[in-house]
Structure formats: structure tokens, C-alpha cells
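# Commentary on secondary and tertiary structure
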There are 4 protein chains.
Amino acid sequence: MKSIFGDSVQVCLFGESHSPAMGVVINGLAPGIQLDLDFLDRQLDKRRPKGRISTQRHETDQVRFLSGLFNGRTTGTPLCMVIENSAQKSGDYEKTRHLLRPSHADYTAQLKYLGCQDYRGGGHFSGRLTAPIVAAGAVALQILRSKGVLIGTHIQSLYGIPDSPFSQEEAELERQLDLLDEVAFPVLNPQAGERMRQAVEEAAAEGDSLGGVLETAVLHFPGGIGEPFFCSVESRLSQLLYSIPAVKGVEFGAGFGIAAMKGSDANDEFITDGKTVRTTTSSNGGINGGITNGMPLLFRCAVKPTPSIYKPQQTVDLAAMENAELIIQGRHDPAIIHRARVVADSMTALALLDLCSERFGYLWMGG
Amino acid sequence: MKSIFGDSVQVCLFGESHSPAMGVVINGLAPGIQLDLDFLDRQLDKRRPKGRISTQRHETDQVRFLSGLFNGRTTGTPLCMVIENSAQKSGDYEKTRHLLRPSHADYTAQLKYLGCQDYRGGGHFSGRLTAPIVAAGAVALQILRSKGVLIGTHIQSLYGIPDSPFSQEEAELERQLDLLDEVAFPVLNPQAGERMRQAVEEAAAEGDSLGGVLETAVLHFPGGIGEPFFCSVESRLSQLLYSIPAVKGVEFGAGFGIAAMKGSDANDEFITDGKTVRTTTSSNGGINGGITNGMPLLFRCAVKPTPSIYKPQQTVDLAAMENAELIIQGRHDPAIIHRARVVADSMTALALLDLCSERFGYLWMGG
Amino acid sequence: MKSIFGDSVQVCLFGESHSPAMGVVINGLAPGIQLDLDFLDRQLDKRRPKGRISTQRHETDQVRFLSGLFNGRTTGTPLCMVIENSAQKSGDYEKTRHLLRPSHADYTAQLKYLGCQDYRGGGHFSGRLTAPIVAAGAVALQILRSKGVLIGTHIQSLYGIPDSPFSQEEAELERQLDLLDEVAFPVLNPQAGERMRQAVEEAAAEGDSLGGVLETAVLHFPGGIGEPFFCSVESRLSQLLYSIPAVKGVEFGAGFGIAAMKGSDANDEFITDGKTVRTTTSSNGGINGGITNGMPLLFRCAVKPTPSIYKPQQTVDLAAMENAELIIQGRHDPAIIHRARVVADSMTALALLDLCSERFGYLWMGG
Amino acid sequence: MKSIFGDSVQVCLFGESHSPAMGVVINGLAPGIQLDLDFLDRQLDKRRPKGRISTQRHETDQVRFLSGLFNGRTTGTPLCMVIENSAQKSGDYEKTRHLLRPSHADYTAQLKYLGCQDYRGGGHFSGRLTAPIVAAGAVALQILRSKGVLIGTHIQSLYGIPDSPFSQEEAELERQLDLLDEVAFPVLNPQAGERMRQAVEEAAAEGDSLGGVLETAVLHFPGGIGEPFFCSVESRLSQLLYSIPAVKGVEFGAGFGIAAMKGSDANDEFITDGKTVRTTTSSNGGINGGITNGMPLLFRCAVKPTPSIYKPQQTVDLAAMENAELIIQGRHDPAIIHRARVVADSMTALALLDLCSERFGYLWMGG
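Now for a look at the structure at hand. Quantities reported herein were computed from a predicted structural model and do not represent experimental measurements. All residue numbers refer to position in the chain's written sequence, counted from 1. As a convention, the first chain written is A and the first ligand written is 1, with the rest following in written order. The model is predicted, so local features are restricted to residues of pLDDT at least 70 and side-chain atom pairs to those at 80 or more, both for listing and for counting; the totals for chains, interfaces and linings are taken over all residues. To obtain the side-chain values, all non-hydrogen atoms of the structure were used and water was disregarded.

### Notes on the interface of chain C and chain D
The following threshold applies: Residue contacts are counted whenever heavy atoms from the two residues lie within 4.5 Å of one another. For any pair of parts, buried area is found by adding up, for both, the accessible area (1.4 Å probe) each one loses once the two are put together. Salt bridge, as applied in this entry: a Lys or Arg side-chain nitrogen positioned within 4 Å of an Asp or Glu carboxyl oxygen. Two N or O atoms form a polar contact when they lie within 3.5 Å of each other; inside protein one atom must be a possible hydrogen donor and the other a possible acceptor, and for residues adjacent in sequence the pair counts only when both atoms belong to side chains. We call Asp, Glu, Lys and Arg charged. Ala, Val, Leu, Ile, Met, Phe, Trp, Tyr, Cys and Pro are nonpolar, and the rest, Gly among them, are polar. Paired strands, in this sense, are two strands between which DSSP finds at least two bridges. A run of H or I in DSSP counts as a helix once it spans at least four residues, and a run of E counts as a strand once it spans at least two, with each numbered from the N terminus.
Contacts between the two partners involve 108 residues from chain C and, on the opposite side, 108 residues from chain D. Between chain C and chain D, the buried area comes to about 8600 Å², and carbon and sulfur atoms account for 59% of it. Sorting the residues of chain C by area buried against chain D places F229, F230 and K248 of chain C first, and these three jointly supply 11% of that buried surface. If you look at where chain C meets chain D, you find 8 salt bridges. Note that K262 of chain C and E206 of chain D form a salt bridge whose closest N and O atoms lie 2.9 Å from each other. On inspection of chain C and its partner chain D, the count reaches 60 residue pairs in polar contact (both at pLDDT 80 or more). Partitioning the side of chain C that touches chain D into residue classes produces 50 nonpolar, 37 polar and 21 charged. Strand direction decides the pairing type here: strand β11 (residues 247–252) of chain C and strand β11 (residues 247–252) of chain D, joined by 3 bridges, are antiparallel.

Shown next as C-alpha cells:
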């Protein structure tokens, strides 16, 4: 399905960077959910460029509800949220449109859309499309939170600079997730954050860019959710996480590290207090056989450095079909990983809400 | 969708380890494809336990076509392939059924299926279910090969022991893929393979198990395939790769390594000879914006060590709801990664065929 | 989706008349449902040719469960049921395969499957494919019945000969549905049934065939089920009812008769006893805006006369590409409408179970 | 799927009568289609209330393209079209909101959406939602027309008053379809049309309303399109036609009339001129086994009388849970069937385009 995700809670995404507007339709929401518009704004704000290490471009993404909301509550019919692309200048893109930007989607868009794509600002591939995703994710996050589920993402590392890890203790992990909800630069260790920002500034000064690894934890998610094949929790989450522009890797639990472990180290042993069952470790990230086991979910995304850099790059001029040098103009983020974390949270919430709704029925989310 | 995958070429998987049979239905095949049954057998053979480092259990998986095949050619109607589970002994599982095997799906199956799951031999979660997947994959691989697309997987590393890398040169890569099609233990460097087997034997002697990393290359795949969101090539491949039991990580191109690179290193620059466009590097694994760029696709899966080990493990007896020690009996693979590579090839082919069929129409695959 | 139906409870159908077997996979069943195999047999028996007015061909359709059933109960994983096509003679079809049988799918199969279709006995288009549908429907009917929902179909008319109508009173309607469950020839009025059978015998004596109208009632189905657009109850039911070979019309409530009514006659007025809300008439067949209103559902299917008749027919020889006369040999039903009623019940149950599962979650069906 | 239709060309509908806007997202369009905005306007105009027999409410439905259109051509990414609901007065609905309007969806909306539905003007159930459907349909119709496919609908009968039938001759049928494209009141026989309008006026004078039967013909549609089960052409068309508010019956070819025919009359015999194959009659409406046979498609929809009438009606006050009399105020159409024909054309085009795209690949529609 093209630009549509979900079986029970379906999300339909549309828009281009410079089209009149971009937006999202959510199908399958229960009726009667009082939307928390302050929370929606806070989520969108996490995505906005800010601070010294972000683009200075001003984006005031205001969500307008076209349908599905009545007296502040969901009606149960399709909820359409739109963000206008006001005051976009299009002319800038005309002269460089034939120069393929490395690691952008210019060339693949050309192959797929045969020259008809909207090339301004990346078109449908623009990072701006994550704004409606964050709006949809805010709805999903709110619903899951009303069920006690907490979701949060930190920068596990940036250009190799590590943050402190998520705690194995639930109480402490909950505290960490609360913290991440409040800070603009999502790290658990402020000193690590400072070093990261410094590295970004240095790269920016060179006209370069940096990436990193995002790590997401989900706390209090019910066990028994997911499918053995094709719709495993890993399958569904990775399908969505790989829809975040710039993600090139997704791993769960010990992830790629598990490949160098012995079974006796990798296996998560079980323990009980006579009432509940827990695992003593989390090499499998809270998922066995594609199904949640009731422990915290833990996974990571590799985010590549922003493709737009100011250094000269070798490329191809598609119109002339010859080699050329590209020097990118304009304002671009030297790193987007700190802004991407709220997109990871949003994608996570959408995938998990869909799986829950399928199991419990969609009225479950209403109360 | 539960145990169903695909939009244009749909695969429906069914079966348990000890049910009368397991199988797969493929919808959306073009009519008139002469199935290569020898190739099908060879593919199933790659998955079979063999050599010293595999279980001694004898599996003679014979595919029976129930429908969709007439005079050796596909009819265009649903193709059903079934593998009987002959001569399975069920009694063994009764006495240990309440002891949760660590890193298996026993506990999550209990949560999801409420005690009604077929617990014998892992039931629907058994690695045996990959046999019908390999059968379906053989059909997809044959079709893609008839279009010139080559797919192959090697063990990039096992317990940290590295194989030689895939070549960046297409001619050499093609030779490597041909080689992998012929060898039982899928490595590019025979010495590395010998060291890997030795490590597995040593682990087996300790009653332990090992995992590794599988790396897959796809050559001559057309550009312009995939979708920007939700159905990106990465999304679709990872959805299927995460349906291989034991996979805990999936990465494309430079993968997690890209997180420590600068943009100027990570960006894949473009070059042309006046006719075709290529990238000079492959940090993005042949995929930009979710869409193939015509370069070889490159990705890796982290495969965890086989969960069934012979060392005593701490676990929970669900019936008594108390802590217990588990000592696993029977014959189990100390490593399955060499057998899993054909599953990776199969899943890859199914995902890519589906995407091609959607773009070109399903008659495309016929001729 | 090809040969797959359903969002929450998904049915995947496969098989040809003369392929080794035909069958069905049901995804999304709750675990723990004790299947009533006697009921399953009774349902299949309703579909079997019997009496003077049916083909004398002997079909002993035995369902074999390949997966998803353990100790007599559903596991919650895909349930695969298979019916072998034993002892089918194929040679008969060779000589007439180029002669298009009027009102059969010979010609359209040729257009779609490009000559690769299994032409023996109608192949995938055979009425035999309704046997696995009845098997799947029996599971759905059993589940709905456990929730108090009753479904039954009678021959409203055959070659214009009318049966007595369904009662507007629920108690009487329930009695009628019980009666239909027990009789081989599904009419409410035995005299009408006798006249219908006589008409069929007369047509058979002429080498001709007859059709009729099936009318289905669903009692005690919950209100609030269905969607305003695309997945309205009418949309879903008609999608499935039009998958019954020979159905050329589907109408709800007053159906086509409503087109000649005034609004003041057609509108179903509401009435209450202070506790429940009912309609005083049923022109809308229990469905408003695509959603059930809690009243009995009422709809009809037009079933065309069996296309296989013994009178000479004008047709085309596709091999010679010239006009030809066709005289059909073999044993064929002069009417199938009395056998089709259980297919209508089955399709109805599958559509309604899917809609219920989506609303209530799939565990709902388990208990 | 909720408010989403299609496998290859997917349509996502949203909006309420009095929400800020309503709209539609179309996924899966080929890139490069120059949209004919004049045609779009003409289609929307056919749906607008006009003449003496329509409501005097003024609707100036202007389509705004939010995405997927660049320089007048489709980009291949999701196309979002929005129609603002300007100047709607909401206050009127407050006082009568607890009085269930017979044959409207007030009561079923209450059951499904638990009182959270937007009750103003019918909310998501409003006939206004057909405006974005007509907009989407205009895109599909334009594409099909570029392939030579013609689609048209006339009022076959209104309150029993019959129009002239569609011609069996293709040249004449083509002329009829051209005529229908031009007239405001879609009949083939102007005298019949005059009698119909008179009947509507008389009903309106009584405060009553009328319905009728729409008949649609599709000319030059390719053979071999459709699926044997679940996605038969009849299944797909009826699924969409039953999403037109007020449709209570759908039949193909001879439809319900076929139930009183003998096989020898009902069968469509084949004839050839040595080059092409045709049927001599059209009892099956151009569809055999769910698949098109290359002949014109022919089908009919029963449209019920407009539910909003001015005569007093018995109903229930849901707030008081007691019986009440309802007298509907405001301006309402005494008949909508002449406006509904363009909705039938639109739904038909959407269903057929989806089926074509699946077979031929989505680039087919581009050229």
C-alpha cells in the first residue's frame, strides 16, 4: 500500500515540501477521545529546528483539523489533520534541479516518477513530511499513555559519542522517559549532550554533517501483542522506522551485538515471584517469536548524517548527462537526529496502537 | 494482516511443527511460468540440516502442489504448496511443556494464544515453518532470475569471525553470488568458513550455540522500485527479514556504521559515463528515499545464537508458577545461520517480486 | 487482493476442480474455539448433490485440517482445511476444451490466464470451490451462533414460483431459521417446494436448467456494525455474495422494489418501548448508512440458471477461431440454487464475523 | 479497511457535512497525468442541486489540490483534493438532534459512534461526501477515457416511469453515452424525463420523495479483468456502488430477471467473425466468472427515495427514550437520483481503474 500504513488504525500520509499543504488521515480511531492539543503542540515543537545546531528556517507548523473532530473529541470517522506550507519560495530550486544531490532521493525520484515529481525542497521526500507524522503520532501516543504505556527515545550516540544507557530498572527507566519528554536535546547525560552539540557545531563549521543512533524504550506495553510471521512486532516497527528519512539500520535488544554472543549469554532467562514472569536480561528487546513478552521494548535506529552538506560534491547533471560539481546553497541542519527522536516516538506509537487495536478491538482505545 | 504478506504477490503461510502439514499459498503469480522443480529442491536442500554442525534430525521435505499448477506451469490462480509433517513424535513435549525455554516463544505464545497453542516442537513458531517460505521463495527467485536479478547471501561473520566482503565490482560480485549458490556453507572465503565451523563445533561441545551476521546482495535489480513511506524497500525487506526466526537486527548499506560517519564520507556521490548513472560508494545500500537506485542492494541481518542449548538454564514452570531449572533434551542445531541464508534469499525475493509486480503489473513476471 | 477476503478474519481460498486438492486458510481466529465437526459435516452435506434434481456425481468431501487445530480446538494460528479431489477423470475435457461453454468462464479464463488455466471441470471457477467456502463458513457460523446470531437462507422463488416469505416476527423468524437448518430443500412452504422441484424436473427433461432467488435473514446480529463507506455491511456482504458463482443480483430490504416507492412508504419509522429502539418496517433490511441497526438483516441474491444445459448451443471454437455448435456431455445439475443456499449462509457468516472481529477484537469470538 | 478503497489505486475519504472540509486522497496514480480541471468542474456540476426538483441550497464546491499535483500534472505521490465546507450553519441541528430521522443513519451512527458523531447535517453520512468522491472519480474517468473506455449512467426508471433502454449496438450505445455526458437530467428519452420530473414535482408538492433505478454502461473496457473470488468485477463494483448513500440493490446484466429464465434463454451464446469473439446477448452483463469478457458492462442500482420528507413521521426521541413525531424542516431534495448518476459513474471508474492498474501496472495509466 502506497503511503498508507496499518491494518486497524490506518494512517494515510500526503503532501510535498512545497505543495499547498501536507497532512495525514487517521482511520480507525475510537469515538470520544478528547484530543490533548497542548500535547500535540509540544510534540510538534520537539520536531522544530531550534538552537545553534539547527537550520534557521522558521517553521510554524499549525495543525488544522479538517474532519473527524467534533467538540474537541474524535468522532470515530476519519480524522484529517493538515499543515499548510505557507510562504515557501519555489524559485530557488529551478536552477539546481538537474544536479542530483548525493544521498538524497533526487535520482530515485526521477527513476520512479519519470521527471514529474515536485522537486522543490525534496518534494514528497522532504523531512517536512515528518510533521504530519508527528501530529498523527501525538494522537497515538496520547491514547497509549492513557493505557499506561510510556514511549521515549534518546540519542544513544552521535558521531560515536555515547549517552548514558537506559536503565534496566523500571522505576528509573520511567524517570528517564519523563526526563526525555521535557528536554529539547534528548540525552540522559547532559555532559554527553554537550559534547554531542559541540561535535555538531564543529562539523557545521567545516560545512559537514553528523548522524547517530536513536534508542527507544517502551514501558508497560502489554504482552501477547504481535504475530509470528510478517506482522511481528519487529516487522511492524521496522517497517515504520524505516519510513523515517535517513534511517539505515534498525535493531532490537542486543541487536547486531547478539551475533557475537554465545547462546548461554544471549538467552534471556525467566524468573518469577509467583505472580508475574520476567526475563532477567533483555537481549531480545522484550520480543520473542515476534510477540511482546511484557518486558520493556528496546530498539535502536541508525540515523545517517544529513545529506545536505556545504562541501563540494561530485555528482551528475541529469539534463546534460555529464559529471558536475555540486555546491549546496541555503540553510540546512548539520544534524537532525535530535529532531528525529520525536518521529521515532511517533512511528513507534502508530505501529503499537495498530497492533493493540487489532487484538482488543478499536473501542478499547476509547476507554 | 496475520501470516499474510504482500500487496500484489501475496503469500499466506500456515502450519505447525507437528501439525499434519505446513504450507504456503501464493496469490498473484502470472500464468504460464514453468516452475523449475529441480531449483526448488536445491533451495530446500540448502535449508536442510547437514554436516557435523547441524542437528542429526532427518527432514525429507517434499513439496506437494495442491493447486495453481497445471502441466508444470502456473495457472495464475492461487498456488498452494504443502509439506507433510510425517513421523513426528509428539509425546516428548508433554512433560516439559510448562517449562518456558529462554529466548523461545513459549511464553509469548502462552500470552497470545492463552494456552491453546500447539506447543509441540515450537508449533507455529518452529524453524520448520521456514521450509514453506523457502518453497515460496524459490518461485520468486526463479522469476526474478528470469529477469536477470541475482540474489545471494553469505555469512558475513559468525561469533565475530569475519568472511571476506562482497566485491564492489559487479562482475566479481556476480561470480561470488554464483559461488554462494553452489556451496553448502555460504562463505566467500573457505578458510574463514573452516574457522567458523570449528567455532561452532567447540560451542556444541560445550553444549552452547552461536549466531552471526548474514549479508545479502541483490544484483541487476531495476531502479525506481519502492515507495517513499511505509513501503520503502527497506520497510518491505525488513518486514520480511524480521519474520525469519532469530533475526534481531537489519541494516542497509553502511548500516549502524553510518552513525559514526560524517556526511562528506557517508554521501554516495554520483558519476556518469554519459549513458548510465552510478554511485561511487554504497553507504545507502542502493536505496535512496526508500527507492532503488539501480546499484546493487546490500543489507545485513543479525542472527542470534540458537536458543536451544544444553547448558542448564533458569526458567519458570508456568503450571506451578515457580522458578525451575531447564535442561533441554533432544537434538538441536548449535548454529542455524548457514541454513538461514536461503531463508534470507527467499524473503528478499518475495519482497522484491511484490514490489516489481505492483509497478509493472503481474503479467510482467510471465514474459 | 486475489482470492483473499477479510480485514480481521482473513480467508484465503485455493484449488481447482481437478487439482490434487482445494482448500482454505482462515487467519485471525481466536484461540480455544472447540470446532463442532458434526456441524461442519452437516453444512458440507447441505451443499452435496442429492435427490432427483441434482447431478448423480458422487462427492465425498472430507475436510482434513492441516494446521491451526490442536486437540480439537483452534490454536489461533492459521487454520488450513483441505478437501482432496480424489478420483477425478481428466481425459474427458481434452476434446471439448476449445469450445467455449456459454455463460461459463471458459472465455474469460482464456483472456485472463492466457491459455494456462486448468480447464478441466471449470478449474478454479468450478462450483466445487464452494466446498472449502462452506467449510470456512461453518467455522464462522458456529462462532456467530455461540453469540446468539442466527443465519438462514430459503429459496424465495425458483423460476418465478414463490415460497412463503420470512416472518416479520422474531419468534416466528427464529422458528423458520431452525426449520431451514434441518431440511434438504430450503423452503418455508413445502407445497411451494414441491412445485419448484417439479419445475426443475420438467426443465431437466427438456435438457434445460433453472435459477431463482435466495433470501437470507440474520437474526440477533448486534447493531452498530459496519462502516459508512466502502466497508458498509451491504458492501461487504455483496462483495462476498457476488463471489458465489451464478449470482447476478444482490439486494437489501425492499431492494429494487424500493425504487417505485414514495419516501413516506419506504422510510422505516422508529418505535420504542422505553428500553429498545426498533423499526416498524424493514425496507432498509436492517442497515442504515451501511451500519446495522439491530433489526434482522434481510437480503436476496439472484441465482442464474445452471449454465450447463443439454440443448445444442451456438458457440466459438477458439482453436479454429470459428463458429461451432456445442452439445454438453456428462452429468450436470439442472438447478443448483437449493445447494447454493448454504454457500450464501457461509459467505454471510464470513463477512459478518470479520466485521464483528474488527469492532470487538478477535478475542471476542473466543468467549 | 475503514473509508479506504482499492488495492492498486487507493482512495481515502474523509469529512463531515459541517466539518471544516471534506476531501479525498488518491494513492497509486501514475506520474505525469495532465488533469483536466474543466472536466473535473463539469463532473462536480452534474452532482450539484439544480432545477426545480432539487434543493435550493447553494453549494459551490471548489476543489483545492493540497498535494500530488505539480505544474498541472500528477506527481505520482498521493493526490489530496479538499472541498471546504464554508458557511455552514450548525445551530439548526441542535434542537432536533435527539429525534431519529427514519431511514437516515442517525440511529446507527449513535450505536456505532456512541454519541460522539458529528450530527450536524448527517455528519460523515451526508450526501455531501459524494462531492469528493465525484472529484476522485473525475480523475479515474479521465484516465479510463484516455484508454478509450466510456462510462455513463441513465435513470432507467423513476417511481416506475421507464426511460428508453441502452442500445445493444455499440455505435448507438456510444452515442447514448455521449448524450448522457451533456444533459443535466440523465435520460435517453426526453419525454420520459419530462414525466419523471413531473412525478417528482408532484411528490414534492405532497411533501414526499421519490427514488428510482440507475443503469450504467461501460463501453470498450478490456476483457480479462477481475478475479474469480472476492475481487470479481461484480464484487468490486457492488462494494463501491453500495457506498453510494441510498443504494439498496445492485444487479448485473439480466439481474434479478435472470432468476425466472431458463438456462437456454439466460446463456449468452458466443459468435465470432474469425477475429474477435462476442456474445449475442448480455444476460451476464459482460462478466463471466467475475472477469470481463470484452463486451459492454451493464448493471443497475436501486436508489431509494430521499429519506428527508416533510410529512410527519413517527420516531423515537433518544434523549427522552420515548416515541415522538418528527417534522423535518429545511430544504431537501425530493429526489436525488438524477444527481446520483455522476456518483455511480465515479464509483464505477474508481473500481475499474483499480482493477486495470493491478493487471497492467500503474504506469499503464500514464500513457
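### Things to note about the environment of T74 of chain A
Short version of the rule: The classification of residues rests on relative accessible area computed with a 1.4 Å probe and restricted to protein chains. Under 20% of the type maximum is buried, over 50% is exposed, and intermediate values are partly exposed.
Among the structural elements, T74 of chain A can be located in strand β6 (residues 73–74). The exposure class assigned to T74 of chain A is buried, which follows from its relative accessible area of 1%. Put simply, T74 of chain A and L363 of chain A are 289 residues apart on the chain and 12 Å apart in space, counted from C-alpha to C-alpha. With near-sequence residues (within four places) excluded, T74 of chain A lies in contact with L29, A30, P31, G32, I33, L35, G68 and L69 of chain A together with C116 of chain D. Polar contacts involving the side chain of T74 of chain A include one to the main-chain carbonyl oxygen of A30 of chain A, which spans 2.8 Å.

### Looking at helix α8 (residues 337–360) of chain C
Since the α-helix advances by 3.6 residues per turn, residues separated by three or four positions end up pointing in the same direction. Stated precisely, the cut-off is as follows: Expected helix span is given by 1.5 Å per residue-to-residue step, counting one fewer step than there are residues.
Here α8 of chain C is 24 residues long and its end C-alpha atoms lie 34 Å apart, about the 34 Å a rise of 1.5 Å per residue gives. Immediately downstream of α8 of chain C, the backbone of G361 of chain C shows phi near 85°, a positive value.

### What about the sheet that holds strand β3 (residues 21–27) of chain A?
Residues and elements named next belong to chain A. As a reminder of what qualifies: Lines are fitted to the C-alpha atoms to define the axes, a helix being fitted only along its stretch in contact, and any angle between axes, read from their N-to-C directions, falls within 0 to 180 degrees.
Ordered by their spatial adjacency, 5 strands build an open sheet running β1-β2-β3-β7-β4, and the pairing between neighbours is antiparallel. Unpaired on one side and paired on the other, β1 (4–5) and β4 (63–67) mark the two borders of the sheet. In this sheet, β3 lies alongside strand β2 (residues 10–14) in antiparallel orientation, the contact comprising 5 bridges. Across the sheet, the residue bridging to V11 is I26, located in β3. Strand contacts of helix α3 (residues 130–146): β2, β3, β4 and β7 (79–84), with the helix running at about 30° to β3, the strand carrying the most contacts.

### Points about the pairing of β11 of chain D
All names here are of chain D. Most of β11 sits out of view: 6 of its 6 residues are buried. Here 5 bridges tie β11 to strand β16 (residues 297–303), and the two strands are oriented antiparallel to one another. Within the sheet, the bridge partner assigned to G249 lies in β16 and is A302.

### Points about the sheet that holds strand β2 (residues 10–14) of chain B
Read from one edge to the other, the open sheet built from 5 strands follows the order β1-β2-β3-β7-β4 (chain B), with strand pairing classed as antiparallel. Each end of this open sheet is capped by a strand with a single partner; those strands are β1 (4–5) and β4 (63–67) of chain B.

### Quick look at the packing of helix α1 (residues 37–47) of chain D against helix α8 (residues 337–360) of chain D
What describes two packed helices is the angle between their axes and the distance between those same axes. Residue and element names in this part refer to chain D. Remark: α1 packs on α8, axes separated minimally by 7 Å, with the N-to-C direction vectors making an angle of 145°. Contacts between α1 and α8 involve Q43, K46 and R47 on the former and, on the latter, H338, R339, R341, V342 and V343. Counted by class, the contact of α1 with α8 contains 2 nonpolar, 2 polar and 4 charged residues.

### With respect to the interface of chain B and chain C
Contacts between the two partners involve 45 residues from chain B, matched on the other side by 45 residues from chain C. When chain B packs against chain C, close to 3700 Å² is buried across both sides, 62% of that on carbon and sulfur atoms. Considering only the surface of chain B that becomes buried against chain C, K2, F70 and C116 of chain B emerge as the three largest contributors, covering 17% of it. At the junction of chain B with chain C, the criterion picks out 2 salt bridges.

### Overview of the relation of the copies chain C and chain D
Spelled out, the test is: Least squares is the method for superposing the copies, and the C-alpha atoms it fits come from residues with pLDDT of at least 70 in both.
Least-squares fitting of chain C to chain D yields an RMSD of 0.0 Å, with the superposition described by an axial translation of 0.0 Å and a rotation of 180°. Expressed as an axis order, the relation between the two copies is that of a two-fold axis. A share of 100% of the interface residues of chain C reappears at the interface of chain D, consistent with the copies meeting face to face through the same patch.

### Here's the deal with the relation of the copies chain B and chain C
Aligned on chain C, chain B shows an RMSD of 0.0 Å; the corresponding rotation is 180° and the shift along the axis is 0.0 Å. Most of the interface of chain B is mirrored in chain C, where 100% of its interface residues are also at the interface.

### Re the packing of aromatic side chains
Cut-off, in case you're wondering: Any two of the Phe, Tyr and Trp rings considered here, Trp counted by its six-membered ring, make a pair once their centres fall within 6.5 Å; the pair's planes then place it as stacked at under 30 degrees, edge-to-face at over 60, or tilted in between.
On inspection of all chains with the given rule, the structure shows 34 aromatic pairs over all chains. A ring pair is formed by Y119 of chain A and F70 of chain D, whose centres lie 5.3 Å apart and whose planes are at 80°; its orientation type is edge-to-face. Remark: F70 of chain D occurs in strand β5 (residues 69–70) and Y119 of chain A occurs in the loop between α2 (106–113) and α3; the pair is interchain, linking two chains. Between Y242 of chain C and F252 of chain D the ring centres are 5.1 Å apart and the planes differ by 90°, which places this aromatic pair in the edge-to-face class. Of this pair, Y242 of chain C sits in the loop between α6 (233–241) and β11 while F252 of chain D sits in strand β11, on two different chains. By relative accessible area, which is 3% here, Y242 of chain C ends up buried. Given the relative accessible area of 0%, F252 of chain D is considered buried.

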